[in-house]
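Chain residues, written in single-letter form:
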Amino acid sequence: MPRTNVEHPDYYHKVVDCQWACPAHTNVPEYIRLIAQGRYSDAYMVNRESNVFPGILGRTCDRPCEPACRRTRVDGTPVAICRLKRVAADHKDDIRDRLPRVPATKNGRHIALIGAGPASLTVANDLMPLGYACTIFEQGPKPGGLMRINIPSFRLPEEVLDEEIGYITGMGVDMRYSTPVGSLRALLEGPETFDAVFVGTGAPKGRELALPGRYDSDQVFIGKEWLESIHFGHVTSVGRRVLIIGAGNTAMDCCRSARRLGATEVTVVERKTRRFIKASPWELEDAEEEQVVILENHYPVRYVVDHGRLVGVEFDTFTARDAGDDIVQEPVGRRIVPCDTVIVAIGQENAFPWIERDLGILFDQWDVPVVDRVTHMSTRAGVFFGGDAAFGPGNIIWSVAHGHQAAISIHQFCHGVPVTERPAPGFTLSSTKMGLHEWAYSNNYSPVARQKMTHVDLSARFTTMSIEVEQGFTAEQTRKEVERCLNCDVQTHFTDSLCIECDACIDICPTDCLTLVQETPLETLRSRLKAPAPDTEQALFTSNPLKQTGRIMVKDENICLHCGLCAERCPTYAWDMRKFVLQQPMAGMTFIPLEAVGR
Amino acid sequence: MTYLPKPRVQHPALTTNAIGLTRRDYEGALTTLCAGCGHDSVTAAIVQAFWELSVPPHTVGKLSGIGCSSKTPAYFLREAHGFNSVHGRMPSVATGAGLANSALALIGVSGDGDSLSIGLGQFAHAIRRNVNLLYLLENNGVYGLTKGQFSASADRGSKSKKGESNEMEPIDPVLVALTLGATFVARSFSGDKAQLVPLIKAGLAHQGFAFIDIISPCVTFNDHEGSTKSYAYTREHQVEVVHADFIPRREAIEAEQPADALTSVVLHDGSTLRLRRVADDYDPADRDRAYAAIRERQQHGEVLTGLLHVATGARDMAGQQQLPEMPLYQVPYDVLCPGADALAQLQRRYR
Ligand SMILES: Cc1cc2nc3c(=O)[nH]c(=O)nc-3n(C[C@H](O)[C@H](O)[C@H](O)COP(=O)(O)OP(=O)(O)OC[C@H]3O[C@@H](n4cnc5c(N)ncnc54)[C@H](O)[C@@H]3O)c2cc1C
Ligand SMILES: Cc1ncc(C[n+]2csc(CCOP(=O)(O)OP(=O)(O)O)c2C)c(N)n1
Ligand code: SF4
Ligand code: SF4
Ligand code: SF4
Ligand SMILES: [Mg+2]
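All of the points below concern the structure found in this document. (Residues numbered from 1 in each chain as written. Chains lettered and ligands numbered in written order. Predicted model: local features only at pLDDT ≥ 70, side-chain atom pairs only at ≥ 80, totals over all residues. Heavy atoms only, no water.)

### Quick notes on the site of ligand 1
Residue and element names in this part refer to chain A.
Okay, so step 1: Near ligand 1 lie 33 residues; those nearest to it are Thr60, Glu138, Arg155, Asp388 and Ile396.
Okay, so step 2: Residue Pro118 places a main-chain N or O atom 3.2 Å away from an oxygen atom belonging to ligand 1.
Okay, so step 3: Bound to the protein, ligand 1 loses 95% of the 990 Å² it would expose on its own.
Okay, so step 4: Mapped onto the shell around ligand 1, the elements with two or more residues apiece are helix 9 (118-127), helix 14 (249-260) and helix 17 (396-414).
Okay, so step 5: Both domain 1 (100-204 + 350-414) and domain 2 (206-348) contribute no fewer than three residues apiece to the shell around ligand 1. (Near = heavy atom within 4 Å. Polar contact = N/O pair within 3.5 Å; in protein donor to acceptor, adjacent residues only side chain to side chain. Areas by Shrake-Rupley, 256 points an atom, 1.4 Å probe, with all protein chains shown as cover. Helix = DSSP H or I, 4+ residues; strand = E, 2+ residues; numbered from the N terminus. Domains from an automatic or database assignment.)

### Some remarks on the coordination of the magnesium ion (ligand 6)
Residues and elements named next belong to chain B.
Okay, so step 1: Every protein donor of the magnesium ion (ligand 6) is listed here as Asp112 (OD), Asn140 (OD1) and Val142 (O), and their distances to the metal cover 2.1 to 2.2 Å.
Okay, so step 2: Sequence spacing of the donors to the magnesium ion (ligand 6): D-x27-N-x1-V. For the pair Asn140 and Val142, one class covers both residues: buried. (Donors = N, O, S within 2.8 Å, 3.2 Å for Na, K, Ca; no water. Buried < 20%, exposed > 50% of the residue type's maximum accessible area, 1.4 Å probe, protein only.)

### Overview of the interface of chain A and chain B
Okay, so step 1: Contacts between the two partners involve 30 residues from chain A, matched on the other side by 29 residues from chain B.
Okay, so step 2: For the pair chain A and chain B, the two sides together bury roughly 2,500 Å², of which 58% comes from carbon and sulfur.
Okay, so step 3: Among the residues of chain A in contact with chain B, His437, Asp507 and Arg569 of chain A are the three that bury the most area, contributing 23% of the side total.
Okay, so step 4: Across the chain A-chain B interface, the total number found is 4 salt bridges.
Okay, so step 5: One salt bridge connects Lys193 of chain B with Asp507 of chain A, and the closest N-O pair in it is separated by 2.8 Å.
Okay, so step 6: Applying the counting criterion to the chain A and chain B interface returns 15 residue pairs in polar contact (both at pLDDT 80 or more).
Okay, so step 7: Put simply, the parts of the chain that give the side of chain A that touches chain B at least two residues each are helix 7 (70-75), helix 20 (504-508) and helix 22 (565-569) of chain A.
Okay, so step 8: Counted by class, the side of chain A that touches chain B contains 15 nonpolar, 6 polar and 9 charged residues. (Contact = heavy atoms within 4.5 Å. Buried area = accessible area lost by both parts, 1.4 Å probe. Salt bridge = Lys/Arg side-chain N within 4 Å of Asp/Glu carboxyl O. Nonpolar A, V, L, I, M, F, W, Y, C, P; charged D, E, K, R; others polar.)

### Let's talk about the pattern of salt bridges
Residues and elements named next belong to chain A.
Okay, so step 1: Tallied over the entire structure, the rule returns 65 salt bridges over all chains.
Okay, so step 2: The shortest N-O distance in the salt bridge between Asp75 and Arg484 comes to 3.2 Å. Residue Asp75 is found in helix 7, and its partner Arg484 is found in the loop between helix 19 (475-482) and strand 19 (490-494); the two are separated by 409 residues along the sequence.
Okay, so step 3: Here Glu290 ties to Arg256 by a salt bridge, and the two come within 3.0 Å at their closest N and O atoms. Here the residue Glu290 occupies a position in the loop between helix 15 (281-289) and strand 9 (293-295), and Arg256 occupies one in helix 14, the gap between them amounting to 34 residues.
Okay, so step 4: One continuous salt-bridge network, built from bridges that share partners, spans Arg256, Arg260, Asp286, Glu289, Glu290 and Arg461.

Structure below.
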């Protein structure tokens, strides 16, 4: 069996479950340690490097990191990674002098970015410091995309948006507001010339539910558009009884907004059962805290309209029984659920009426552009897509990740380097040993439970739309929550030649991660360890045969607490706790001499 | 010391034994021995054995003398009774504890210094009395606690860390035990839990004095080249002759393997020892031949390990003294001490 190749940047990266799961690969344990030390500005900058919008994301991120967090496998709940990000953003000092600087001399390249959502803003953030001139065309009056017009201000205050977007626009981006791009051809052929174009226009259309009666009243709204109307002040009231059809995250924002506009009976309708609800569990929890009712097993059939007035929605109702990953539903009957307003929140779609189909940009059978998943380039060289515009509705952090990748591609494209020859990730590994039993990180396991976010009083929060519900962690809560992080980036690093097979590491490990065993094929190895390791998603480290007995050292990465006790008990330093720092490729990280491309 | 407590978190798949405890419930305080000390592995083997046997920790008495080895009872079975005696005097304390409470499962942990120098007399008499005690000798060839002087078990020619050679003949505790008539004599190695754990279980079930000499390298003072008690040396020279598998009473015995290599011994409590002869000329039932074989192979530099001798049926101390079944501490006071009149009556008989 070959020794695990820990030289490959992915091996240790994957052990840092949260960082691996984050689309932008934010160095989570590092920023949590910095928060623990009260170094909020440093923590903010570590965040910003990868995710660009720590204050925004610290309130709104879809947090793919949290379900991945190792702490869940240890005590059932993840570290509050997302809300700690907000702590860094809320408590930082003025960081403006630490932002990337824009060179006085431009590099002569001009990039057009369409749409001022998080994807385009990230591209500008990465390219401006490299001397590019960036022009963002935005149809609306302000930047931010859906972050501004769709995410309600009780979740994301406008000041936070303005501040973090300002760091980017403040680099001197040429912002052209209220300038919709009506024709890509015109942009490409127009008086201005661009070296590359980035399309970050999002997925602008809310999906329709055209059942009978849809257009017979004026009280059926599309969720996404309805939220925008609230943002722009066009909608200021709503019926007393509101039905939300669909139970995704948009539905959660709709039901909570309805409560703030004065609705007293708000019901969210899910076609299947609770476990199929698409909304993030925490968003659902927040909605239910606001007395929103969830109705399961209801399929809408028609809007019930009486003399031009919406009076309800008729549903087919079902019973449900679990059948493995799915359910089996049996019809029960029909019923009308009375209501005054219906909000349809069943998804979003892409639409590109403004892109001519003869520009060399191939559209697929669903009429969305064919975009390379890695390079983000379309079938027309020099035209790139990112964010929701590239692969359909996603979230902010994916848009940011796309932006970084697209920026790399644009940078290479502009310098004649093939976009497919991408810079490779690297890493550094350094020992955290400070003394016999001292480490450069807090390796003591803290048994405290996840801290609960304090919310504004129910009565107070409905008075205006913009009262932020979450109050952030207190100093005490922060102090406790940071210690829950297991420092998964501090890796157990093994040096085969040093091991004398004394068993000390195996005996001390609190979670039975380690085993010395005769070499066996990987398939049988997982069942031969000190504790079974059935989760094949989690890696096994295997050493070379050791010198005294020829056995191999095996480590199951799954439940390791990164407590360092194995390294403390190892007499020979064969185990060491080494901090892994991922070096993510970013635009401009690899040096491209301008002479090489004739400039 | 800046040691952290070992986190109480455990692997979610960690199973419980017949009395609902996990292996972690059999641990003790965090060790203060040197990292890599063989004694810690023995501790882990003890934890494993008691857990597998589902022994309620509070029914155990753990005893020791002085030395790194003798410190180890603090590191297992935190809920057991314990007594850390003076140097070399653990056998007397164990004898007393066994007399007072025959229901306690007694485990004594000692070192080569503790047992073969200052405590040699005590060791010998505990064997002779056949005290019902599992006696583990964590043998590293040095006085670890006092910084690595040669002990009485150091082999002739073995080198100290500084390079001096030991000139005296060693005392081999296994040969001493056989000479004195011990009925359960084993040798093992801290680095071989597959062998050690079943031996500990068998020793606990054995009625009478059960002795296991465990080569347990001192990683700090006796793990260098030239040492005959190092990890590397032991691994090169250890030869297992009889492998013992312990089968508790309640478990069914699986189909027998080829008869010539297997012998079954039924222990006092109904459990079974299955002895698998690894070397074909070795007979653990025959004390004299066992002695001779160990001596003979020692000349060739081999260290025989496994269950080297076992005999059942001998009466232990309680049997020899005709003690009642009921532990003495439970016998009502007026029965145990019938008073001045009864004493006077007894004395009259001798007048
Ligand atoms: C109700 C709702 C709530 C959400 N909540 C969250 C959340 O809590 N967390 C999360 O991570 N994600 C959330 N999302 C998703 C998230 O907002 C999007 O995935 C993200 O904003 C996409 O970013 P983007 O840069 O691709 O485009 P967008 O944010 O959609 O921005 C596109 C921009 O392009 C402009 N534009 C479009 N067409 C043109 C044109 N032809 N010319 C000029 N400008 C144009 C638009 O005006 C817009 O400003 C939510 C989405 C919705 C609908
Ligand atoms: C009466 C008495 N004499 C001497 C000592 C000093 N002393 C402490 S430990 C020890 C030797 C221990 O050797 P061993 O039993 O082999 O234990 P190890 O530390 O090697 O495990 C000695 C001589 C003592 N504590 N008490
Ligand atoms: S750091 Fe070492 S001792 Fe601690 S849990 Fe991980 S493998 Fe076990
Ligand atoms: S503690 Fe160190 S020397 Fe001992 S088995 Fe573990 S890695 Fe090897
Ligand atoms: S001195 Fe030797 S015997 Fe004592 S704890 Fe250290 S390694 Fe073990
Ligand atoms: Mg010793």
